[in-house]
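Inside the fold
Spelled out, the chains give:
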Amino acid sequence: MKLKSTLLMMFMFVGVVANAQVAAETNSNVKTEETIYRDVEVMASYRGGYNVFSKQVEAATKNCKKGKLKNKDAEMIVEFVVGKDAKVSDFKVLKQDSDLCENDVKNAIYKSNQWIPARNNNKPVSSYVQFTINLVNGSSFKDMGVISIN
C-alpha cells in the first residue's frame, strides 16, 4: 500500500513539474508588443541630415523613372518606423501619384542604416517617420523632405 501511494505521489509530482516547465517555456516565447510613437520630444534623424538620406533615395530611383513620367511630376508619401534600435521597419506608401519607383524607394529606405532613434524622456523610442518624395520628370528630385506627424 505504501509503495502504491508513493508511486502515485511521484507521478503527480513529475506531472506538475513538467507542466510548470512547459508553461515557463511558453511564456518566454511570448513577444511583447512595442509602443511606436507618433508624437515624440525629439524626432528620429539621419546621420548627416535628411539631405544625405534624400540623396540616397534619389540615387536608388535614378534608373526607375528615366523617361517614364511623361512630362509630369509624381509625388509619393511614405511612412516607416525607425525602431529604438535604429532599424527601419513597417514601410507603407500613404500616397502616390505613380507606382513607378515604389520598390526602389522601399529598398533604399530599408537599406538606410544611419538612423538615430527618436527620444522621449531622454530615452530612445520607436517612432513613425513620414517622408515626401517628389519625382520630377527627368533625372532630379525637387522639394524632398520630412513631414512630422502629430
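Rules used throughout
Residues numbered from 1 in each chain as written. Predicted model: local features only at pLDDT ≥ 70, side-chain atom pairs only at ≥ 80, totals over all residues. Heavy atoms only, no water. Helix = DSSP H or I, 4+ residues; strand = E, 2+ residues; numbered from the N terminus. Expected span 1.5 Å × (residues − 1). Buried < 20%, exposed > 50% of the residue type's maximum accessible area, 1.4 Å probe, protein only. Arc of directions from axis to C-beta. Pairing = 2+ DSSP bridges. Core = buried A, V, L, I, M, F, W, Y, C linked by side-chain atoms within 4.5 Å. Salt bridge = Lys/Arg side-chain N within 4 Å of Asp/Glu carboxyl O.

1. Examining helix α2 (residues 50-61)
- With 12 residues, α2 ought to run about 16 Å at 1.5 Å a step, and its terminal C-alpha atoms sit 16 Å apart, in line with that.
- When α2 is considered as a whole, its buried residues turn out to be Phe53, Ser54, Val57 and Thr61. The arc that holds the buried residues of α2, viewed along the axis, is 100°, so those residues lie on one side. Opposite its buried face, α2 presents the exposed residues Asn51, Lys55 and Ala59, each directed more than 90 degrees away.

2. Points about the pairing of strand β3 (residues 74-82)
- Burial analysis of β3 places eight of its nine residues in the buried class, the great majority of the element.
- When β3 meets strand β7 (residues 123-135), the two strands line up antiparallel, connected through nine bridges. Considered in β7, the bridge of Val82 is made with Ser127.
- In this sheet, strand β4 (residues 88-96) lies alongside β3 in antiparallel orientation, the contact comprising six bridges. In the strand pairing of β4, Val78 is matched with Val93.
- Connecting β3 to the next strand, β4, in antiparallel fashion are five residues, including Ala86 with a positive phi near 75°.

3. Quick look at the nonpolar core
- Ranked by size, the top nonpolar core spans 25 residues in total, and within it Phe53, Val78, Phe80, Val105, Ile109, Trp115 and Ile133 carry the most contacts.
- Going through the elements one at a time, α2, β3, β4, α3 (102-111) and β7 are the ones with two or more residues in this core.

4. Section: the pattern of salt bridges
- Scanning the model with the defined rule gives two salt bridges in all.
- Glu79 is the partner of Arg38 in a salt bridge, and the nearest nitrogen-oxygen pair spans 2.8 Å. Pair noted here: Arg38 is in the loop between β1 (36-37) and β2 (45-46) and Glu79 is in strand β3, with a separation of 41 residues, a long-range link.
- A residue is classified by how much of its surface remains accessible, and Arg38, at 36% relative accessible area, is partly exposed.
- A relative accessible area of 3% places Glu79 in the buried class.
- Lys95 is the salt-bridge partner of Glu75, the closest N and O atoms lying 2.7 Å from each other. Of this pair, Glu75 sits in strand β3 while Lys95 sits in strand β4, and the two are 20 residues apart along the sequence.

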